[in-house]
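# Observations on the three-dimensional arrangement
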Amino acid sequence: MTSIAIIGAGPQLGLAIARTFGTQGLNVALISRNRTKLDELVGKLTAEGITAAAFPADVLDREVLTQALKDAAAKFGSIDVLEYSPVAGAATALATPAEAEPADVQHEIEFQLYGAIAATKAVLPAMREAGAGTLLYTTGAGSIDPVPQVGNVNAAAAALRNWAVNLHKELDGTGVQAAHIGIDVSIGTPAVPGFPTAQPEEISPVYWELHTTKRDQAELVFSL
């Protein structure tokens, strides 16, 4: 039995990814800051016949995040798929490129890029030893085509995208797949009037494709 660890697991995309992989027989490790919300998600998945467990951790606390992934690997035997998509939410102060202070970008770099690096360091050695595994990193499509209003977020997302695509190149031939997913829609409800919106269940199959049939691709962009 294999497992997926979803970092930033929430009731929309995270839950949809959990269902997509869980219905294929993978165990699901859910990682985010809020234990109560994680337990609710575990309850939903368990009721659907999916084996899931909660591992609370904040991506800004590298030691706790690393331990959560170690605990998940110990419970399920291994982590075969890592999906990284935490959302900073209210902790993020948006800034345009001209307005942004270094601290505005630094917070996002800590959250998006450094958190992803820490998570990867926790699971990649075992994947390389096994000669198999999948590492998936999610950002908004602003990492590719930036929008001034969220300039500091886009800068960090672009750094994560660059790192993920470069990691894909480095791991070529090892059996471990690394890929970036850019989401060019609002998820669930429109964030901006007139902006395309998709349901989480429409997006989550992209992750399964990268894990199974599109392992040679470093990036997929979901758009309508």
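Conventions we followed
Residues numbered from 1 in each chain as written. Predicted model: local features only at pLDDT ≥ 70, side-chain atom pairs only at ≥ 80, totals over all residues. Heavy atoms only, no water. Helix = DSSP H or I, 4+ residues; strand = E, 2+ residues; numbered from the N terminus. Buried < 20%, exposed > 50% of the residue type's maximum accessible area, 1.4 Å probe, protein only. Contact = heavy atoms within 4.5 Å. Pairing = 2+ DSSP bridges. Axes fitted to C-alpha atoms, helices over the stretch in contact; angles between N-to-C directions. Core = buried A, V, L, I, M, F, W, Y, C linked by side-chain atoms within 4.5 Å. Salt bridge = Lys/Arg side-chain N within 4 Å of Asp/Glu carboxyl O. Expected span 1.5 Å × (residues − 1). Right-handed = clockwise from strand over helix to strand, strands pointing away. Arc of directions from axis to C-beta. Phe/Tyr/Trp six-rings, centres within 6.5 Å; stacked < 30°, edge-to-face > 60°.

Let us look at the environment of Gln217. As for its position among the elements, Gln217 is in the loop between helix H7 (205–211) and strand E9 (219–222). Residue Gln217 is classed as partly exposed on the basis of its relative accessible area of 27%. The spatial distance from the C-alpha of Gln217 to the C-alpha of Val165 is 9.2 Å, given a sequence separation of 52 residues. Those residues in contact with Gln217, other than ones at most four positions away along the chain, are His168, Gln177, Ala178, Ala179 and Leu210.

Another point: the sheet that holds strand E1 (residues 3–7). With parallel pairing, seven strands are arranged side by side in an open sheet as E3-E2-E1-E4-E5-E6-E9. Only two strands of the sheet have a single neighbouring strand rather than two, namely strand E3 (52–54) and E9. Strand-to-strand twist across the sheet, computed as the mean angle between neighbouring axes with direction ignored, equals 15°. Bridge count between strand E6 (residues 176–183) and E9: four bridges; the pairing is parallel.

Okay, the nonpolar core next. Formed by 34 residues in total, the largest nonpolar core has its most connected members in Ile7, Leu65, Leu69 and Leu135. At the level of elements, E1, strand E2 (27–31), helix H3 (62–76), strand E4 (81–84), helix H4 (102–130), strand E5 (133–140), helix H5 (151–170) and E6 are the ones that each hand at least two residues to this core. For this core, the leading source of residues is H4, giving nine residues.

Under the criterion given, the structure shown has five salt bridges. Asp39 is the partner of Arg35 in a salt bridge, and the nearest nitrogen-oxygen pair spans 3.4 Å. With Arg35 and Asp39 both in helix H2 (residues 35–47), this residue pair falls four residues apart, about one helical turn. The class for Arg35 is partly exposed, based on a relative accessible area of 42%. Glu209 is the salt-bridge partner of Lys214, the closest N and O atoms lying 3.2 Å from each other. Since its relative accessible area comes to 26%, Lys214 is described here as partly exposed.

What follows deals with H3. An ideal rise of 1.5 Å per residue puts 21 Å on 15 residues; H3 measures up with 21 Å between its terminal C-alpha atoms. Structurally, H3 contributes buried residues whose contacts are with E1, E2, E3, E4 and H4.

Look at any regular strand and the pattern is simple: side chains alternate between the two faces of the sheet. Within E2, five of the five residues are buried, which leaves the element mostly enclosed by the surrounding structure. Bridge count for E1 against E2 is five bridges, and the pairing is parallel. The partner of Ile7 across the bridge, within E2, is Ile31. Relative to E3, E2 is paired through three bridges, and the arrangement is parallel. Considered in E3, the bridge of Ala29 is made with Ala53. In this fold, the crossover linking E2 to E3 by way of H2 has right-handed handedness.

With 13 residues, H2 should reach 18 Å at 1.5 Å per residue; the first-to-last C-alpha distance of 18 Å fits that figure. Residues of H2 that are buried: Leu38, Leu41, Val42 and Leu45. The buried side chains of H2 occupy one side of the element, clustering within an arc of 100° when seen end-on. In H2, the exposed positions angled more than 90 degrees off the buried face are occupied by Thr36, Glu40 and Ala47. Of the surrounding secondary structure, the elements contacted by the buried residues of H2 are helix H1 (13–22), E2 and E3. Just past H2, the residue Gly49 takes up positive phi, approximately 85°.

All right, on to the packing of aromatic side chains then. Scanning all chains against the criterion turns up two aromatic pairs. With a centroid separation of 5.4 Å and 80° between ring planes, the pair formed by Tyr137 and Trp163 is classed as edge-to-face. Residue Tyr137 is located in strand E5, and its partner Trp163 is located in helix H5; the two are separated by 26 residues in the primary sequence.

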